[in-house]
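# Topology and contacts: notes
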Amino acid sequence: MAELDARRAEVLGHAARTIQRQIRTYIARKEFIALRKAAIMLQSHWRGISACKLYEQLRREAAALKIQKNFRRHTARESYLTVRSSTITLQTGLRAMAARNEFRFRKQTKAAIIIQATLRCHAAYSYYKSLQKAAITTQCGWRRRVARRELRKLKMAARETGALKEAKDKLEKRVEELTWRLQLEKRLRTDLEEEKAQEIAKLQESLQAMQLQVEEANARVKKEQEAARKAIEEAPPIIKETPVIVQDTEKVNSLTAEVESLKASLQSERKATEEACNACTDAEARNAELVKKLEDSERRVDQLQESVQRLEEKLSNSQSEIQVLRQQSLAISPTGKSLTTRQRTMIVQRTPENGNVTNGETKVLSDMTLAISNVREPESEEKPQKCLNEKQQENQDILIKCISQNLGFSGCKPIAACVIYKCLLHWRSFEVEKTTVFDRIIQTIASSIEVQDNNDVLAYWLSNSSTLLMLLQRTLKASGAASWTPQRRRASSASLFGRMSQGLRSSPQSAGLSFLNGRGLSRVDDLRQVEAKYPALLFKQQLTAFLEKIYGMIRDNLKKEISPLIGLCIQAPRTSRASMVKGRSHANAVVQKALIAHWQSIVKSLNRYLNIMKANHVPPFLARKVFTQIFSFINVQLFNSLLLRRECCSFSNGEYVKAGLAELEQWCNEATEEYAGLAWDELKHIRQAIGFLVIHQKPKKTLNEITKELCPVLSIQQLYRISTMYWDDKYGTHSVSSDVIANMRAMMTEDTNNAVSSSFLLDDDSSIPFTVDDISKSLQQIDIADVDPPALIRENSGFGFLLPRSE
């Protein structure tokens, strides 16, 4: 218990100490806070008083400084103005004197320049006149020669087409004469029918009147006979015999005379009716003969019109062949200027000679068809057909307006080409012998590519034309002799009216509402083969010509863009060769980067054109052909410059060109084989030539090693040219040995004796390196069913066949 009490006292003492410590801490902290607050208040008041005193002192000093500054400025300005006025006076006098001297000198110089200019102008004008006279003489001679060639060609073409045109003119005149005769016979027939109807009506009226008179006379005779009987029966017998008989006999005689006169008049009327009937039969016979003659004339007109159409088709075929040959000759021509300036005349417009007859030339035929249609067709059949024609014309206008805009692409497929193909196939325009929709489409494309520098538009239409041409190539089939001769039309309808009605039934205007059948387009493989007529085949030829034209324009634009850069890439500037010789410092690397800028500019141009083609979904086949020809052009330009300029056949220049070729190789790798193709192989001449320039130990190489291993593509003339023109400006090495040079010279002499061409330069190939079949085989199948039509067409109900089935 004692221990517990001690423990309890210890715990209580500890608790008391803790309480006392906390209370003392609280009291001390409270006193400290109060003391600190009083000190802070006292310090703040003291600092405020000192700050007010300091501010008053600074304000006084600032006022004093401002007064001093203004006074000094006033005194300095007065002194400056006096000096400035005196200086201006002095400068004015000096400048006036200098201006007078300058004016005097310029006046003398101007007079001397005028005298010199007049003298030089006289000398240059006389020299220019002599050059102009010589140039005009040369041009006249050359133009005379070219004109003779063209005249010879035109005469040959005129001999072929002249006979056809004469025959066509004769047949047209014969058609006009027969048409006039036909109209005259129709008028005579209608006049005869009207006269016959009038005569028959008159005879029928007179016959009816005579029959009424005869009936009335018979009725009177019967009444008188009955009255006479009654009178005889009632009268007495004595009186009967004397007076009554005499009176009755007189009446009977008079009545019999009247009856006989009526019979005679009746017979005369019967004779007149018989004569009228005979005249009617004769008129009917004449009408039958006229109908037969009319039918014969219609058959002749049909035959003549068919022969005219046959001649027109022959003329159109010959003209289209001539145009195609001209296009091919223009495409093969090496000059780019003539290619771009003359390609506008490549497109064959359908004229009266090749299918579409103008209004003026078909005036006689139109009059004839209208006359026959007025005779044989009721007016109720013309109104629906006219409405269909107007509706189809509106649809064509909407289509042309739509494709004149940039419709873009739907799933890498050109919308314009798919819409054109669907519309033409649905309207059955390929099966029609005369239509204007093809000409309007061609004119729209021609107006869109008039600006030759707009590569985006050219690439857009290159993609559309290639796709549309592929669809036509896989869908259209030649109709053989049936499409080029009118045999099929003669079998279907013998008369002109029958052929007109068949043409109206088969025209694209009557197919404007055929989308109600519910047939849709799925894929190209599912499409039926269409028997194409001449306008469709001509449209295909024109589209092919446009495709070749657009391809050539894109290729020529890229050539024009890189041609100045190629001239800078063949030879390294002198500063670069000097820096290469001096050392391998950091400055040398900077100069090397600056020199490679020309090659990088070419790479940028190639990348830009590649991006444009990719953005417009140009088929990779056409892109490969473009870049292959561009690399061939680069190879020709660089290699020919290397062979013609000795300063280019140096070691340092070979290293410079080799570095640029490495940039082109890197571009081919980045562009992939899908778009670059075998373009890198087109640089084989310049690559082997540059490899020969930069190779070391040339004197140790034999001719067999050079021709078989190093430069197998180069000819002996080219190797000899490079070997003799080579010079090393970096290490001072020598070219091949004298034995190799001698062997090359001997081989060149043998080639000359064997009549082998000694030309060592390359030629640039500017032809079109593909055909329509190549495009059709290279392009993949296109699913045109899921191509969304543009908004302008989607809003029109006449293009419902373009919408998906769900819509």
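Residues numbered from 1 in each chain as written. Predicted model: local features only at pLDDT ≥ 70, side-chain atom pairs only at ≥ 80, totals over all residues. Heavy atoms only, no water.

Per the secondary structure count, the protein includes 23 helices and 2 strands. For the protein, the share of sequence-separated contacts (at least 6 apart) that also reach a separation of at least 24 residues comes to 86%. Accessible surface for the protein amounts to roughly 50,000 Å². Of this, 56% is attributable to carbon and sulfur atoms. (Helix = DSSP H or I, 4+ residues; strand = E, 2+ residues; numbered from the N terminus. Contact = heavy atoms within 4.5 Å. Areas by Shrake-Rupley, 256 points an atom, 1.4 Å probe, with all protein chains shown as cover.)

Next up on the list: the confidence of the model for the protein. Averaged over every residue, the pLDDT of the protein is 76; the share at 70 or more is 77%. The low-confidence segment residues 332-384, where pLDDT is below 50, has 91 contacts with residues more than four positions distant or belonging to other chains. Here residues 480-526 scores under 50 on pLDDT; set against residues more than four positions off or in separate chains, the count is 82 contacts. (pLDDT = per-residue confidence, 0-100.)

Turning next to the packing of aromatic side chains. Summed over the entire model, instances satisfying the criterion amount to 8 aromatic pairs. Both rings, one in Phe409 and one in Tyr460, keep their centres 6.0 Å apart while their planes meet at 80°; by these two values the pair is edge-to-face. Residue Phe409 is located in the loop between helix 5 (382-403) and helix 6 (415-426), and its partner Tyr460 is located in helix 8 (residues 455-475); the two are separated by 51 residues in the primary sequence. With a relative accessible area of 3%, Tyr460 lands in the buried category. Between Tyr460 and Trp461 the ring centres are 5.4 Å apart and the planes differ by 75°, which places this aromatic pair in the edge-to-face class. Of the two residues, Tyr460 and Trp461, neither departs from the other in class, the shared state being buried. Of the aromatic side chains, those joined through ring pairs into one cluster are Phe409, Tyr460 and Trp461. It is Lys614 that lies over the ring of Tyr675; its NZ or CZ is 4.9 Å from the centre. (Phe/Tyr/Trp six-rings, centres within 6.5 Å; stacked < 30°, edge-to-face > 60°. Buried < 20%, exposed > 50% of the residue type's maximum accessible area, 1.4 Å probe, protein only. Lys NZ or Arg CZ within 6 Å of the ring centre and 35° of its normal.)

Turning our attention to the nonpolar core. Counting 125 residues, the largest nonpolar core has Leu664 and Trp667 as the members making the most contacts within it. Per element, the largest residue contribution to this core is 15 residues, and it comes from helix 12 (residues 534-569). Counting 7 residues, the second largest nonpolar core, distinct from the first, contains Val175, Leu178, Val301 and Leu304. (Core = buried A, V, L, I, M, F, W, Y, C linked by side-chain atoms within 4.5 Å.)

Another point: the packing of helix 17 (residues 651-676) against helix 18 (residues 684-694). Packing of helix 17 against helix 18 brings their axes to within 8 Å, and their N-to-C directions diverge by 140°. For the element pair helix 17 / helix 18, the angle class is oblique. Two packed elements cross with a definite hand, and for helix 17 against helix 18 that hand is left-handed. In contact with Phe651, Gly654, Glu655, Val657, Lys658 and Leu661 of helix 17, helix 18 contributes Ile686, Arg687, Ile690, Leu693 and Val694. Partitioned by chemical class, the residues of the contact of helix 17 with helix 18 number 7 nonpolar, 1 polar and 3 charged. (Axes fitted to C-alpha atoms, helices over the stretch in contact; angles between N-to-C directions. Parallel < 35°, antiparallel > 145°, perpendicular 65-115°, else oblique. Left-handed = near helix turned anticlockwise from the far one by under 90°. Nonpolar A, V, L, I, M, F, W, Y, C, P; charged D, E, K, R; others polar.)

Another aspect to go through is the pattern of salt bridges. Counting across every chain of the model gives 8 salt bridges. Between Glu10 and Arg7 there is a salt bridge, and its shortest N-O distance comes to 3.5 Å. You can see Glu10 and its partner Arg7 sitting in helix 1 (residues 2-234), 3 residues apart, about one turn around the helix. Looking at Glu10, the relative accessible area reads 48%, which means it is partly exposed. (Salt bridge = Lys/Arg side-chain N within 4 Å of Asp/Glu carboxyl O.)

Turning to the packing of helix 12 against helix 16 (residues 620-644), a few remarks are in order. Closest axis-to-axis distance for the helix 12/helix 16 pair is 10 Å, and the angle between their directions is 35°. The chirality of how helix 12 crosses helix 16 is right-handed. Seen from helix 12, the contacting residues are Leu547, Tyr551, Arg555, Leu558, Lys559, Ile562, Ser563 and Ile566; seen from helix 16, they are Leu622, Lys625, Val626, Phe627, Gln629, Ile630, Phe633, Ile634, Gln637 and Leu638. Taken together, the residues that form the contact of helix 12 with helix 16 break down as 12 nonpolar, 3 polar and 3 charged.

Among the surface-exposed residues, Asp191, Glu193, Glu194, Glu195 and Glu199 lie close enough to one another that they form a single negatively charged patch. Mapped onto the secondary structure, Glu199 falls in helix 1. Overall, the relative accessible area of 49% leaves Glu199 in the partly exposed class. (Patch = residues over 30% accessible without salt bridge, like charges linked within 9 Å, V, L, I, M, F, W, Y side chains within 5 Å. Lys, Arg positive; Asp, Glu negative; His and termini not counted. Charge placed at Lys NZ, Arg CZ, Asp CG, Glu CD.)

On to a positive patch on the surface. Taken together, the side chains of Arg144, Arg145, Arg148, Arg149, Arg152, Lys153, Lys155 and Arg159 make up a positively charged region of the molecular surface. Residue placement: Arg145 occurs in helix 1. Look at Arg145 and you get partly exposed, because its relative accessible area is 46%.

Attention now goes to helix 8. Its 21 residues place the ends of helix 8 30 Å apart at the C-alpha level, agreeing with the 30 Å of an ideal helix rising 1.5 Å per residue. A large share of helix 8 lies buried, amounting to 17 of its 21 residues. (Expected span 1.5 Å × (residues − 1).)

Moving on, we come to the state of the cysteines. Tallied over the entire structure, the rule returns 0 disulfides. Here Cys649 is not disulfide-linked; the sulfur of Cys648 is the nearest cysteine sulfur, at 6.8 Å. (Disulfide = S-S within 2.5 Å.)

Within the element layout of this structure, His685 appears in helix 18. Residue His685 is classed as buried on the basis of its relative accessible area of 14%. Those residues within four positions of His685 in sequence are excluded, and the remaining contacts are Asn635, Phe639, Val713, Leu714, Gln718 and Leu762.

Before going further, it helps to spend a moment on the environment of Leu188. When you line up the elements, Leu188 lands in helix 1. Taking the C-alpha atoms as reference points, Leu188 and Leu290, 102 residues apart in sequence, are found 9.1 Å from one another.

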